[in-house]
Amino acid sequence: MADIQLSSKGGRNRRSTRVDLTAMVDLGFLLITFFIFTTTMSQSVAMQLVMPKDGPPTKVAQSGAVSLLVHQQKVVMVLGDDLASATAFSWQQPKELRQALIQVKQQLIAANGNDEKLFVLIKPMDNSSFGQVINLYDEMTICGIKRYAMANLNEQETVLMAGYAMP
């Protein structure tokens, strides 16, 4: 608390105040401990990234290969290396892409008894955003696809995507 002390020097009464800062110091230490505990308890959440081992490239069966070509406005799904099978999906309708991926997975399970041959290649263009690629990674988790990777577009796919670049 504050104390008021009276002193008389030279006939005048002078008042001097003294503020007790003990409560303020206690409050400061409480705030410091609060911020220390909250910063150590909150852990950053990161996506698990598995990098391939050095060595020969992984061979993928064409019957289970799916390429997702990422464009700014659309996602184009190509089965195997058959560019004629290209199907475009809008970013506004992610359920359509999800259903198509699940259908491909179910077809492989019906044909082989499992989905071990399924391998999805995510191939972003230069104008696609980081968020779109992350959304596709999330779709892989939602659909239960175990094997997927990011790759670059080849020349034929670049020509195909040039047709989707028109508004």
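Below, the structure is looked at part by part. (Residues numbered from 1 in each chain as written. Predicted model: local features only at pLDDT ≥ 70, side-chain atom pairs only at ≥ 80, totals over all residues. Heavy atoms only, no water.)

## Quick word on the overall build of the protein chain
Point 1. For the protein chain, the count of helices and strands is 4 helices and 7 strands.
Point 2. Across the protein chain, the fraction of contacts at a sequence separation of at least 24, relative to all contacts at a separation of at least 6, is 57%.
Point 3. Accessible surface computed for the protein chain: about 12600 Å², of which carbon and sulfur atoms make up 58%. (Helix = DSSP H or I, 4+ residues; strand = E, 2+ residues; numbered from the N terminus. Contact = heavy atoms within 4.5 Å. Areas by Shrake-Rupley, 256 points an atom, 1.4 Å probe, with all protein chains shown as cover.)

## Focus on helix H3 (residues 130-143)
Point 1. Compared with an ideal rise of 1.5 Å per residue, which puts 14 residues at 20 Å, H3 spans 20 Å between its outermost C-alpha atoms and is within 8% of the ideal.
Point 2. Where H3 is concerned, the buried positions are Gln132, Val133, Leu136, Tyr137, Glu139, Met140 and Cys143. Taken around the axis of H3, the buried residues stretch over an arc of 155 degrees, which confines them to a single face. Those residues of H3 that are exposed and aimed more than 90 degrees away from the buried face are Phe130, Thr141 and Ile142.
Point 3. The first or second residue beyond H3 is Gly144, which carries a positive phi of 75 degrees. (Expected span 1.5 Å × (residues − 1). Buried < 20%, exposed > 50% of the residue type's maximum accessible area, 1.4 Å probe, protein only. Arc of directions from axis to C-beta.)

## Describing the packing of aromatic side chains
Point 1. Inspection of the entire model under this criterion finds 2 aromatic pairs.
Point 2. Considering the side-chain rings of Tyr137 and Tyr148, the 5.5 Å spacing of their centres and the 55 degrees angle between planes classify their relative orientation as tilted. Of this pair, Tyr137 sits in helix H3 while Tyr148 sits in strand E7 (residues 148-150), and the two are 11 residues apart along the sequence.
Point 3. Judged by relative accessible area, Tyr137 falls into the buried class, the value being 14%. (Phe/Tyr/Trp six-rings, centres within 6.5 Å; stacked < 30°, edge-to-face > 60°.)

## A few points about a nonpolar patch on the surface
Point 1. A cluster of nonpolar residues, Val19, Leu21, Met24, Val25, Leu27, Phe29, Leu31, Ile32, Phe34, Phe35 and Ile36, forms a patch on the protein surface that exposes about 1100 Å² of accessible area.
Point 2. Residue contributions to the nonpolar patch peak at 9 residues, all from helix H1 (residues 22-41). (Patch = residues over 30% accessible without salt bridge, like charges linked within 9 Å, V, L, I, M, F, W, Y side chains within 5 Å. Salt bridge = Lys/Arg side-chain N within 4 Å of Asp/Glu carboxyl O.)

## Comments concerning the layout of surface pockets
Point 1. Of the voids in this model, the second largest pocket is the one considered here, and its volume is about 180 Å³.
Point 2. Lining the second largest pocket are 13 residues; nearest its centre among them are Ser67, Gly80, Asp81, Lys123 and Glu157.
Point 3. If you list the elements that add at least two residues to the lining of the second largest pocket, you get strand E3 (65-70), strand E6 (119-124) and helix H4 (155-164).
Point 4. By residue class, the composition of the lining of the second largest pocket is 5 nonpolar, 5 polar and 3 charged. (1 Å grid on protein atoms, 1.4 Å probe; cavity = no way out; pocket = protein on both sides within 12 Å on 5 of 7 lines; lining within 4 Å. Points joined across faces, edges and corners; volume = space filled by probe spheres on them. Nonpolar A, V, L, I, M, F, W, Y, C, P; charged D, E, K, R; others polar.)

## Topic: the pattern of salt bridges
Point 1. In this structure the tally under the stated criterion is 2 salt bridges.
Point 2. A salt bridge links Glu157 to Lys123; its shortest N-O distance comes to 3.0 Å. Separated by 34 residues along the polypeptide, Glu157 in helix H4 and Lys123 in strand E6 bring together distant segments of the chain.

## Brief notes about the nonpolar core
Point 1. By size, the foremost hydrophobic cluster in this structure holds 20 residues, and its most contacted members are Val66, Leu68, Met77, Leu101 and Val120.
Point 2. Ignoring any residue separated from it by four or fewer positions in sequence, one finds Val66 in contact with Met77, Val78, Leu79, Leu101, Val104, Leu118, Phe119, Val120 and Leu121.
Point 3. Counting 5 residues, the second-largest nonpolar core is a separate cluster that includes Leu69, Val76, Val78 and Leu153. (Core = buried A, V, L, I, M, F, W, Y, C linked by side-chain atoms within 4.5 Å.)

## Things to note about the packing of helix H2 (residues 94-112) against H3
Point 1. Two elements in contact, H2 and H3, have axes separated by 10 Å at closest approach and are oriented at 50 degrees. Here H2 is positioned oblique relative to H3, judged by the angle of their axes. As for the relative orientation of H2 and H3, their crossing is right-handed in sense. Residue-level contacts link Pro94, Leu97, Arg98, Leu101, Ile102 and Lys105 of H2 to Leu136, Glu139, Met140, Ile142 and Cys143 of H3.
Point 2. A class-by-class count of the residues in the contact of H2 with H3 yields 8 nonpolar, no polar and 3 charged. (Axes fitted to C-alpha atoms, helices over the stretch in contact; angles between N-to-C directions. Parallel < 35°, antiparallel > 145°, perpendicular 65-115°, else oblique. Left-handed = near helix turned anticlockwise from the far one by under 90°.)

## A short note on the sheet that holds strand E4 (residues 74-79)
Point 1. As summarised here, the arrangement of the 5 strands in space is E5-E4-E3-E6-E7, forming an open sheet in which the pairing is mixed. Across the chains shown, the open sheet's two edge strands, defined by having one partner strand only, are strand E5 (87-90) and E7. Each adjacent strand pair in this sheet contributes to an overall mean axis angle of 20 degrees, direction not counted.
Point 2. Of the pairings in the sheet, the one linking E3 to E6 comprises 6 bridges and is parallel in character. Across the sheet, residue Val66 finds its bridge partner in E6, namely Val120.
Point 3. Along the sheet face, H2 touches E3, E4 and E5 and points at about 10 degrees away from the line of E4. (Pairing = 2+ DSSP bridges.)

Nothing here speaks to function; it is all geometry.
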